[in-house]
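Below, each chain spelled out in residue letters.
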Amino acid sequence: GESVGLHLPTLSVQEGDNSIINCAYSNSASDYFIWYKQESGKGPQFIIDIRSNMDKRQGQRVTVLLNKTVKHLSLQIAATQPGDSAVYFCAENLYNAGNMLTFGGGTRLMVKP
Amino acid sequence: DAGVIQSPRHEVTEMGQEVTLRCKPISGHNSLFWYRQTMMRGLELLIYFNNNVPIDDSGMPEDRFSAKMPNASFSTLKIQPSEPRDSAVYFCASSLGDRTIEAFFGQGTRLTVV
């Protein structure tokens, strides 16, 4: 039969607009989160991280928001550029899981010029 | 720093053959991870080493898969015998460890088993 692959959610935005990518994590014991960006043919690259004792962290053009009550993470990209087109993953680390990261399914961001 | 280095970048092999993937982590990093990425299952952790010792191999799919880390600067992931369903991109990543968790990924090895 036909194989069914992961259906990656896709977010399509106009260049210059702001993007918001969402992630629901699974374990309330997770205490550290990372957003990664993966461009075609490359490995995931670190964008920004946040610990569970924070609810917001800002970087250059990116902001991560953490809502522990509903186990939700979001990545906001300001003034989205064509170079931002990629698949974005959130990853979580359990406080008692050493340095292991568990990755979500990913969201594809497409930026229209 | 050259980052995490993986070889080969691409591997095509016949079913039943042995495949060895190689990884050189970033110098000074104490933790090393092998991940597999497929359309079906996304990015899965296969095994995790800390200070060259395997800590968690619960993600290794079968006995056909084995991983070693003989020293701090080298790791291998071996599949013997390989099967078509092993076709995937395999990533190696390393991190400083000691609760510095940010993992740096290599470029990956795209494995095709025919």
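Residues numbered from 1 in each chain as written. Chains lettered and ligands numbered in written order. Predicted model: local features only at pLDDT ≥ 70, side-chain atom pairs only at ≥ 80, totals over all residues. Heavy atoms only, no water.

J.: Help me understand the overall build of chain B, please; the structure alone is not making it clear to me.
T.: Helix and strand content of chain B: zero helices and eleven strands. N-terminal to C-terminal, the α/β element order of chain B is β-β-β-β-β-β-β-β-β-β-β. Oriented by its inertia axes, the alpha-carbon framework of chain B measures out at about 40 × 25 × 25 Å. In chain B, buried positions account for 47% of the 114 residues. The long-range share in chain B, meaning contacts at least 24 apart out of those at least 6 apart in sequence, stands at 53%. As displayed, chain B offers around 5,500 Å² of accessible surface, 49% of which is attributable to carbon and sulfur atoms. Across chain B, the 11 positively charged side chains and the 13 negatively charged ones have centroids separated by 3 Å. (Helix = DSSP H or I, 4+ residues; strand = E, 2+ residues; numbered from the N terminus. Buried < 20%, exposed > 50% of the residue type's maximum accessible area, 1.4 Å probe, protein only. Contact = heavy atoms within 4.5 Å. Areas by Shrake-Rupley, 256 points an atom, 1.4 Å probe, with all protein chains shown as cover. Lys, Arg positive; Asp, Glu negative; His and termini not counted. Charge placed at Lys NZ, Arg CZ, Asp CG, Glu CD.)

J.: Got a minute to help me understand the packing of aromatic side chains in this structure?
T.: What describes a pair of aromatic rings is the distance from one ring centre to the other and the angle between the planes of the rings. Summed over all chains, the structure comprises ten aromatic pairs over all chains. Ring centres of Y25 of chain A and F33 of chain A lie 4.5 Å apart, and the angle between their planes is 50°; on these two criteria the pair is classed as tilted. Exposure remark for Y25 of chain A: the relative accessible area of 8% places this residue in the buried category. By relative accessible area, F33 of chain A is classed as buried at 2%. These aromatic residues form a ring-pair network of at least three members: Y36, F89 and F103 of chain A together with F33, Y35, Y48, F91 and F105 of chain B. (Phe/Tyr/Trp six-rings, centres within 6.5 Å; stacked < 30°, edge-to-face > 60°.)

J.: When you look at the environment of Y25 of chain A in this model, what are you seeing that I'm missing?
T.: Residues and elements named next belong to chain A. Tracing the backbone through its elements, the reader meets Y25 in the loop between strand 2 (19-24) and strand 3 (30-38). For Y25 and K71, which are 46 residues apart along the polypeptide, the C-alpha to C-alpha distance reads 5.6 Å. In this structure, Y25 is in contact with S30, F33, L66, N67, K68, K71, H72 and E92, ignoring residues within four places of it in sequence.

J.: Where do I start with the pattern of salt bridges in this structure?
T.: Pairing between side chains of opposite charge can happen when the charged atoms of each approach one another. Enumeration over the complete set of coordinates arrives at eleven salt bridges over all chains. Residue K42 of chain A pairs with E39 of chain A through a salt bridge whose shortest N-O separation is 3.8 Å. Overall, K42 of chain A belongs to the partly exposed group, its relative accessible area being 38%. A salt bridge links E44 of chain B to R41 of chain B; the nearest nitrogen and oxygen atoms lie 2.7 Å apart. (Salt bridge = Lys/Arg side-chain N within 4 Å of Asp/Glu carboxyl O.)

J.: Please explain the interface of chain A and chain B as it appears in this structure.
T.: A common way to state how big an interface is: give the accessible area lost once the parts meet. Contacts between chain A and chain B engage 25 residues on the former and 25 residues on the latter. Buried surface at the junction of chain A and chain B, both sides included, amounts to about 1,900 Å², of which 54% is carbon and sulfur. Summed over the shared surface of chain A and chain B, the number is zero salt bridges. At the boundary of chain A and chain B, one finds three residue pairs in polar contact (both at pLDDT 80 or more). Of all elements in the fold, only strand 3, strand 4 (45-51) and strand 8 (86-94) of chain A reach the threshold of two or more residues within the side of chain A that touches chain B. (Buried area = accessible area lost by both parts, 1.4 Å probe. Polar contact = N/O pair within 3.5 Å; in protein donor to acceptor, adjacent residues only side chain to side chain.)

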